[in-house]
Amino acid sequence: MAFLQDVNVSACSSGRGQLVVGDFEGNIYFINRQLTLSSFRAYDIRVTHMHQMKQHNILVTIGEDEQGVNPLIKVWNLDKIDKGIPVCTRLTRAIPSNKPTPVTCFTVHENFNFMAVGFENGTVILYKGDVTRDRHSKQRVVFENARPITGLSFKSGTKEVFLFVVTETAVVSINVTNKDTRNQLEQFGASRGNVVMSDNSQDYQLVIGRQDAVYFYQPDGRGPCLAFEGEKLQLHWFRGYLIIVGKESKTMPRAPPMGTHSLEMNLVTVYDIRNKFIAYTAPYPEVIDIMCESGAIYILSGDRKLYQLQEKDTSTKLDILFKKNNYLLAISLAKSQQLDQDGLMDIFTQYGDHLYAKGDHDGAIQQYICTIGKLEASYVIRKFLDAQKIHNLTRYLQALHKSQLATEEHTTLLLNCYTKLKDVSKLDEFIMTKDREVDFDVETAIRVCRQAGYHRHALLLAEIHEKHEWYLKIQLEDIRDYQAALTYIARLSFEAAESNMKRYGKVLMAEAPQETTELLKRLCTDYKSACQPLVDQTSLDGALPQIQRASAEEFIHIFVNNRSRLTEFLEHMVEVQPNSSNLVYNTLLELYLHDMVHETSIGARVERERKTLDLLKNPDAGYSMEQAMVLCQVNSFKAGILYLYEKAQLYMQILQYHMDHNEYVHVMEACKKFGQQDSRLWVHALSYFAQRETTCKTQLIEVLSYIDKKNLMSPLLVIQTLAHNSSATLSVLKDYIIRRLQLEQDQMAEDMRLVRQYQEDTAKKRALIQELQTS
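A quick note: this is a predicted structure, and the numbers were derived from the prediction, not measured.

Draft legend 1. Seen up close, the overall build of the protein. For the protein, the count of helices and strands is 26 helices and 27 strands. Counting only residues that meet the buried cut, the protein has 47% of its 775 residues in that class. Residue pairs at least 24 apart in sequence account for 46% of intrachain contacts in the protein once pairs closer than 6 positions are excluded. As displayed, the protein offers around 40000 Å² of accessible surface, 50% of which is attributable to carbon and sulfur atoms.

Printed below as a string of structure tokens:
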């Protein structure tokens, strides 16, 4: 820049969109973004130090207005201009303990409450209060030693403010908000110009440069160390980059007004600390200072030229790295530049394709794993379907599952990879790892393991994830461990146990009848899971426990080939639940009758008849009368038939039953027992015995005698009844007719006697009436 050719630069600063330059004549120059120059005279002799505030348009300078050691601190408000000159809001002499000594460095906290000045005699003065006002600020000495101060920087904690003090032999942090507590961080320091503060990308650490390396510090100790060898003249920081100005052997002619002798060359190197690479390096003639402003780096060199370094945009940087196939650095750079996910995925994909083309399948799959969620999985899977690449495919599919983006097909493919490799340990790790998120479709995994013959793995998966149907299907169809299946069902909840017993009950009954029957008894009375405690919280709280029971009718079909277990089950049900349904009682009755009919032992048959009759006579039994009658009739159970007829008041059927079996005695007993309720029984018996006069004359006479005695029928009706029966002879009726005629004749004689008596009485009463009327 032509306007700097004659400026003898003494100090530089930047901020608020402008570069600030001070010279040895006391002038301060401002260079704005349009590279337009403005200036004013700040000191009579020289400007030695400057600090442009970042958050406020305030410039703090140190210089001299008088000869000798007489440093003055001036605070300029650049927003207020008076006669073309910024307003100076503060003027303070910087003299520690009234001992004049040159200022070597200073710094100002962005909150305006702290300002620190370091001197050549090793003293540090802290100004506390409003640094823009002299009367609102107090000063104190916070550090003293025998070596000049080479660097000062503030760092703010959550509630505390620390001041870093650097000399050539020490690095110290001072808690200026807590009684100036001092903490020596290092036994060596740095020369002037080799101290800078990093930005938030490196957590605002103090950075100092030495011959062997660059060191980072926090208030409580030293941090990382980066080995940058070589003599370092200046350190600067720009957007995560560390700028180091070092020695360079080349020389060039010196620009005026510094003289005509050759200028030494300085090497300016820009390091990307996060990504660990050199972003830029070039020689410059005797670098006076470096300023960072408006997104660019400005280098003020000894030839009085101002160089501007513009950072390339991210896409350009990445294109350069892609051309060099430096994908690792491209990825690191993209992450540090907060490139969006799509951009990152594109880099990973390109890098993976590059490694795949080179034959580095392990490296390629690692990059493809990073693309999960963005790159279509089938793109990767197709590349690794060869048998030689099955290990890489397995690794990718594992990562796909961990990302919970796998489909059923991916799970099937991964498990097939395990089974093809016969890698049981990996299969165990994938399936049997407990206490983690499920990152695969469980049913798919069970199905694949089952098809591949890994029944143990399929069982464990089904048990862990409570896939009861799958567990029982494998146990019953593949392993055929029926006892284990029953034990598993007994541990399930009521609803699950009920549904699975309905589904698999027939199989279990065929293979383990005793255990299945016992489980069904529990299920249909008061079911409690085997895993459920005997006393739960509900019982402890005093509430009545809820009884869970299934309907016994829904399980009768399970016993289709095992009548004895069905009988046992139903007997248990009617004993525990007397109010069981019709179906339960009807089925139990049918079983009793069937067993009774097919029983060959007389004693056992009698016992079964007794049990059957007891069931029929049980007042709580809820069987169907009609069906019970049919069953008893089909099985010819006489006692049951007669009991049911009597219970239903079907007396005529009872009589007819005896008649059908020619049981004369029982016919007479039935007439005597039920004749009062239904007189038709005697009439029916009369007709029945009349047909069998030759064999049952006694019974016929007894029936006629009872009818005659009770006068149940008129003689004419009796004769008419017997007249229809060709087997009834007059000899049977002779005594009855004689007796009836005699009775009727006696009755007629009695009636005639009464008639005569009534006529005589009537005549007497008429005569008496006549006499009374006439006498």
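Draft legend 2. Spatial organisation of the pairing of strand E4 (residues 37-41). By the bridge criterion, five bridges tie strand E3 (residues 27-31) to E4 in an arrangement that is antiparallel. Bridge assignment links Asn27 to a residue of E4, and that residue is Arg41. Hairpin remark: E3 followed by E4, antiparallel, with five residues in the connecting loop; positive phi at Leu35, about 60°.

Draft legend 3. How the structure looks around helix H21 (residues 651-660). Listing the buried residues of H21 in full gives Tyr651, Ile654, Leu655, Tyr657, His658 and Met659. Looking at the buried side of H21, the elements it contacts are helix H20 (638-647), helix H22 (664-674) and helix H23 (680-691). Immediately downstream of H21, the backbone of Asn662 shows phi near 55°, a positive value.

Draft legend 4. Representation of the sheet that holds strand E18 (residues 206-209) in the model. Read from one edge of the open sheet, four strands run E17-E18-E19-E20, paired in antiparallel fashion. Across the chains shown, the open sheet's two edge strands, defined by having one partner strand only, are strand E17 (195-197) and strand E20 (221-226). Going from strand to strand, the sheet's axes swing by 25° on average, the running direction of each strand aside. Relative to strand E19 (residues 214-218), E18 is paired through four bridges, and the arrangement is antiparallel. Paired with Gly209 across the two strands is Val214, which belongs to E19.

Draft legend 5. Representation of the packing of aromatic side chains. All chains considered together, the criterion is met by 14 aromatic pairs. Seen from their ring centres, Phe188 and Tyr215 are 5.3 Å apart, and the 65° between their planes marks the pair as edge-to-face. Placement of the pair is Phe188 in the loop between strand E16 (181-186) and E17 and Tyr215 in strand E19, with a sequence separation of 27 residues. Accessibility expressed as a relative area gives 21% for Phe188, which makes it partly exposed. A residue is classified by how much of its surface remains accessible, and Tyr215, at 7% relative accessible area, is buried. For the pair Phe228 and Tyr271, a centre-to-centre distance of 4.0 Å together with 15° between the ring planes defines the contact as stacked. Residue Phe228 is located in the loop between E20 and strand E21 (232-238), and its partner Tyr271 is located in strand E23 (residues 262-272); the two are separated by 43 residues in the primary sequence. Classification of Tyr271 by relative accessible area gives buried; the value is 15%.

Draft legend 6. A look at the nonpolar core. Grouped together as the largest cluster of nonpolar side chains are 113 residues, with contacts concentrated most on Tyr396, Leu508, Leu523, Phe569 and Leu616. No other element matches helix H17 (residues 582-597), which puts eight residues into this core. Looking at which domains feed residues into this core, each of domain 2 (312-406) and domain 3 (649-728) gives three or more. With near-sequence residues (within four places) excluded, Phe569 lies in contact with Thr517, Leu520, Lys521, Cys524, Ala552 and Phe559.

Draft legend 7. Spotlight on the packing of helix H10 (residues 455-464) against helix H11 (residues 468-479). Relative to each other, H10 and H11 sit at 155°, their axes nearing to 8 Å. Here H10 lies roughly antiparallel to H11, going by the angle between them. In this structure, H10 meets H11 at a crossing whose hand is left-handed. For the pair formed by H10 and H11, the contact residues are His455, Ala458, Leu459, Ala462 and Glu463 on the first element and Trp470, Tyr471, Ile474, Gln475, Asp478 and Ile479 on the second. Its residues assigned to classes, the contact of H10 with H11 comprises seven nonpolar, two polar and two charged.

Procedures and definitions
- Throughout this description, residue numbers start from 1 for each chain and increase along the sequence as written.
- Given that the model is predicted, a residue must reach a pLDDT of at least 70 before its local features are reported, and side-chain atom pairs must reach 80 or more before they are shown or counted; all residues, however, enter totals for whole chains, interfaces and linings.
- By convention in this description, side-chain values take in all heavy atoms of the structure and omit both hydrogens and water.
- Counting from the N terminus, the helices are DSSP H or I runs at least four residues long and the strands are E runs at least two residues long.
- Per-residue accessibility, obtained with a 1.4 Å probe over protein chains only, is compared with the maximum for each type, and a residue is labelled buried under 20%, exposed over 50%, and partly exposed between these values.
- Two residues form a contact once any of their heavy atoms are found within 4.5 Å.
- Each accessible area value is a Shrake-Rupley result obtained with a 1.4 Å probe; residue values ignore everything except the protein chains displayed when judging cover.
- Being paired, for any two strands, means DSSP has found at least two bridges between them.
- Between the N-to-C directions of two axes lies an angle of 0 to 180 degrees, each axis being a line fitted to C-alpha atoms and, for a helix, fitted only over the stretch in contact.
- Between 30 and 60 degrees the pair is tilted, below 30 it is stacked and above 60 it is edge-to-face, where a pair is any two Phe, Tyr or Trp rings, Trp via its six-membered ring, whose centres lie within 6.5 Å.
- Only buried residues count toward a nonpolar core. Its members are Ala, Val, Leu, Ile, Met, Phe, Trp, Tyr and Cys residues joined through side-chain atoms within 4.5 Å.
- What fixes the domain bounds is an automatic or database domain assignment.
- Just so you know how the angles are binned, under 35 degrees is roughly parallel, over 145 roughly antiparallel, 65 to 115 roughly perpendicular, and the rest oblique.
- We call a crossing left-handed when the near helix sits turned anticlockwise from the far one by less than a right angle, and right-handed when that turn is clockwise.
- Think of it as three bins: nonpolar holds Ala, Val, Leu, Ile, Met, Phe, Trp, Tyr, Cys and Pro, charged holds Asp, Glu, Lys and Arg, and polar takes everything else, Gly as well.

Limitation: the analysis is restricted to geometry and does not speak to function.
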